[in-house]
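Chain residues, written in single-letter form:
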Amino acid sequence: MVSERMKGLGTARSVIRELFEYGKVRAAQVGAENVFDFSIGNPSVPSPAAVNETAIRLLREQPDLIHAYTSAQGAQDARQRFADSLNRRFGAHYTADRFYLTVGAAASLCCVLNGLSCPGDEFVVFAPYFPEYKVFIEGAGATMVLIPPEIDAFQINFDAFQQAVTPHTKGVLVNSPNNPSGVVYSKKTLERLAAILTEKSREYGHPIYLISDEPYREIVYTGVEVPWVPHIYRDTIVCYSFSKSLSLPGERAGYVLVPQEVTEGDDVYAAVAGAGRSLGYVCAPSLFQQVTSLCCDMTSDIRVYEENRNLLVSSLREMGYHVVEPGGAFYLFPRTLEPDDRAFSERAKKLDLLIVPGSGSGAPGHVRISYCVQTETIRRALPKFQALADSYK
Ligand code: PLP
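Residues numbered from 1 in each chain as written. Predicted model: local features only at pLDDT ≥ 70, side-chain atom pairs only at ≥ 80, totals over all residues. Heavy atoms only, no water.

A. Spatial organisation of the overall build of the chain. Secondary structure summary: the chain contains 13 helices and 12 strands in total. Here the C-alpha atoms of the chain give a radius of gyration of 21 Å, agreeing with the 21 Å that 2.2 N^0.38 yields for 393 residues. Counting the 393 residues in the chain, one finds 55% classified as buried. Sequence-distant contacts in the chain: of pairs separated by 6 or more residues, those separated by 24 or more amount to 75%. (Helix = DSSP H or I, 4+ residues; strand = E, 2+ residues; numbered from the N terminus. Rg over C-alpha atoms; globule rule 2.2 N^0.38 Å. Buried < 20%, exposed > 50% of the residue type's maximum accessible area, 1.4 Å probe, protein only. Contact = heavy atoms within 4.5 Å.)

What follows is the structure, given as structure tokens:
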């Protein structure tokens, strides 16, 4: 006998992985240059040279120490550098003792959700959303409450949200810049959200935490501002990752920040650390605690993502697709040309165009295009998008 839930998670691949694996098989059949794989969010630009140089230098200078266990919450000097960086950038006063270093945003979220969850708790998620949220929330023994999308701009459907918050609501997850829409929540959206959460927390007599999942915080385009969420809502817990900003998804590096202002913050921080312990994380990889903290004010050269966005948005609109312009991340989430997004994705697949149905993200009638690829790949894929549109005429 094994856990049916775990067996299910271990055998059923996500739609994204399914397409990604199909792309590899298909590439072997028809040649990689003939398969247009927009399925997965692997950064296409290399890490800054300083990342590799720092890793090599540390390996040379501290060949034994660098591989040692650190404190469970992460090395003090690394946590201090993260605090200093955010304090410089956002005029804040964070201290090292409120950072908990993790193996990426996925682990940050799991530590926070497991740390907060009590029996009967609910977490609100806004569609379109990163499908793993459901796995993480249910893994923490809580229930996900999904808010349908506001499809005109992919901000927040506040009418539905107001109805969904109950005395069982322990937290709300936001992800901006967003996967899969690429949209950045405006300050106005976040302020309205904060006002509702403040009012409901008061009404129910307990804090409702805002969990800000920010792996794309630095991937933002000209003229767009990503508001610093803890300045807008006091009870914000930040989940960060270096997977995208420093193109390090395989190295597994990130952190949880529980700012001083957070209600019962000492308990929240202790519970996050306890969750990390119970999940068996022990500590984040020591080499990359050092590398990311020494390089945390840099990003990979992300200009190509903006170029890709511009090319795709203008080209797809000319072809007749309806597209909300993304302000960041590297995803585009156009409407499908028929109501059934799975059928649309299947039709695209026949053209060797791999795009992910939006149903799995709670937004049927859309598909996700991950444009973290070479611009040339997009240029060569445009006739395929045109053929797809033509097939509906
Ligand atoms: N949250 C969102 C919205 C993501 O898109 C991803 C990865 O794609 C993650 C979390 C997990 O990222 P990490 O590699 O840091 O665990």
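There's plenty left to go through after this.
B. Examining the pattern of salt bridges more closely. One pass over the full model with this rule turns up 21 salt bridges. Ionic pairing is found between arginine 81 and aspartate 77, a salt bridge with its closest N-O pair at 3.4 Å. With arginine 81 and aspartate 77 both in helix α4 (residues 76-90) and four residues apart, the pair spans about one turn of that helix. Between lysine 187 and glutamate 191 there is a salt bridge whose closest N-O contact spans 3.6 Å. (Salt bridge = Lys/Arg side-chain N within 4 Å of Asp/Glu carboxyl O.)

C. Structural context of the nonpolar core. Grouped together as the largest cluster of nonpolar side chains are 35 residues, with contacts concentrated most on Phe38, Tyr305, Leu312, Leu316, Tyr321, Ile355 and Phe385. Listing elements by their share of this core, those giving two or more residues are α11 (303-319), β9 (331-332), α12 (341-350), β12 (367-370) and α13 (375-390). Examining the composition of this core, we find that seven residues originate from one element, α11, more than from any other. Three or more residues apiece are contributed to this core by two domains, here domain 1 (4-47 + 301-390) and domain 2 (67-294). (Core = buried A, V, L, I, M, F, W, Y, C linked by side-chain atoms within 4.5 Å. Domains from an automatic or database assignment.)

D. Highlighting the sheet that holds strand β11 (residues 356-357). With antiparallel pairing, the three strands of this open sheet are ordered in space as β9-β12-β11. Edge strands, defined here as strands with exactly one partner in the open sheet, are β9 and β11. Two elements, β9 and β12, share two bridges in a ladder whose sense is antiparallel. Residue pairing for β12: leucine 332 is matched across the bridge by isoleucine 369. (Pairing = 2+ DSSP bridges.)

E. Expanded view of the site of the ligand. Around the ligand, the structure places 14 residues, and the nearest of them are Ala105, Asp213, Tyr216, Ser241 and Arg252. With respect to the ligand, the backbone of alanine 105 contributes an N or O atom lying 2.7 Å from an oxygen atom. Within the side chain of serine 241, one N or O atom sits 2.6 Å away from an oxygen atom of the ligand. Relative to its unbound accessible surface of 390 Å², the ligand loses 91% to contact with the protein. (Near = heavy atom within 4 Å. Polar contact = N/O pair within 3.5 Å; in protein donor to acceptor, adjacent residues only side chain to side chain. Areas by Shrake-Rupley, 256 points an atom, 1.4 Å probe, with all protein chains shown as cover.)

F. Here's a closer look at the domain arrangement of the chain. Under the domain assignment used here, the chain contains domain 1 (4-47 + 301-390) and domain 2 (67-294). Using only C-alpha atoms to locate each centre, domain 1 and domain 2 end up separated by 26 Å. With 30 residues of domain 1 at the contact, the number on the domain 2 side is 34 residues. Carbon and sulfur atoms make up 60% of the surface buried where domain 1 meets domain 2, a total of about 2,500 Å² over both sides. It is Val324, Gly327 and Ser361 that lose the most area in domain 1 upon contact with domain 2, and together they represent 19% of the buried surface on that side. Put simply, domain 1 and domain 2 have one salt bridge between them. A salt bridge links aspartate 152 to arginine 335; the nearest nitrogen and oxygen atoms lie 3.8 Å apart. (Buried area = accessible area lost by both parts, 1.4 Å probe.)

G. Main features of the packing of aromatic side chains. Following the criterion strictly, the structure yields 19 aromatic pairs and no others. Between tyrosine 129 and tyrosine 133, the aromatic rings sit 6.4 Å apart at their centres with planes inclined by 25°, giving stacked as the arrangement. Per residue, the accessibility class of tyrosine 129 equals that of tyrosine 133, and both read buried. An aromatic cluster of at least three residues, connected via ring pairs, comprises Phe82, Phe99, Tyr240, Phe242 and Tyr255. Taking NZ or CZ as reference, arginine 347 lies 3.9 Å from the ring centre of tyrosine 392, over its face. If you follow lysine 349 out to its NZ or CZ, it ends over the ring of tyrosine 22, 4.5 Å from the centre. (Phe/Tyr/Trp six-rings, centres within 6.5 Å; stacked < 30°, edge-to-face > 60°. Lys NZ or Arg CZ within 6 Å of the ring centre and 35° of its normal.)

H. View of unusual backbone geometry. Omega for the peptide link from serine 176 to proline 177 comes to -5°, which places this bond in the cis form. Here proline 177 lies in the loop between β5 (169-174) and α8 (187-204). A cis geometry characterises the amide bond from asparagine 179 onward to proline 180, with omega recorded as 20°. Phi at valine 282 is positive, roughly 65°, even though this residue is not glycine. Summarising the element assignment, valine 282 is placed in the loop between α9 (265-278) and α10 (286-294). Non-glycine residue aspartate 352 carries a positive phi angle of around 60°.

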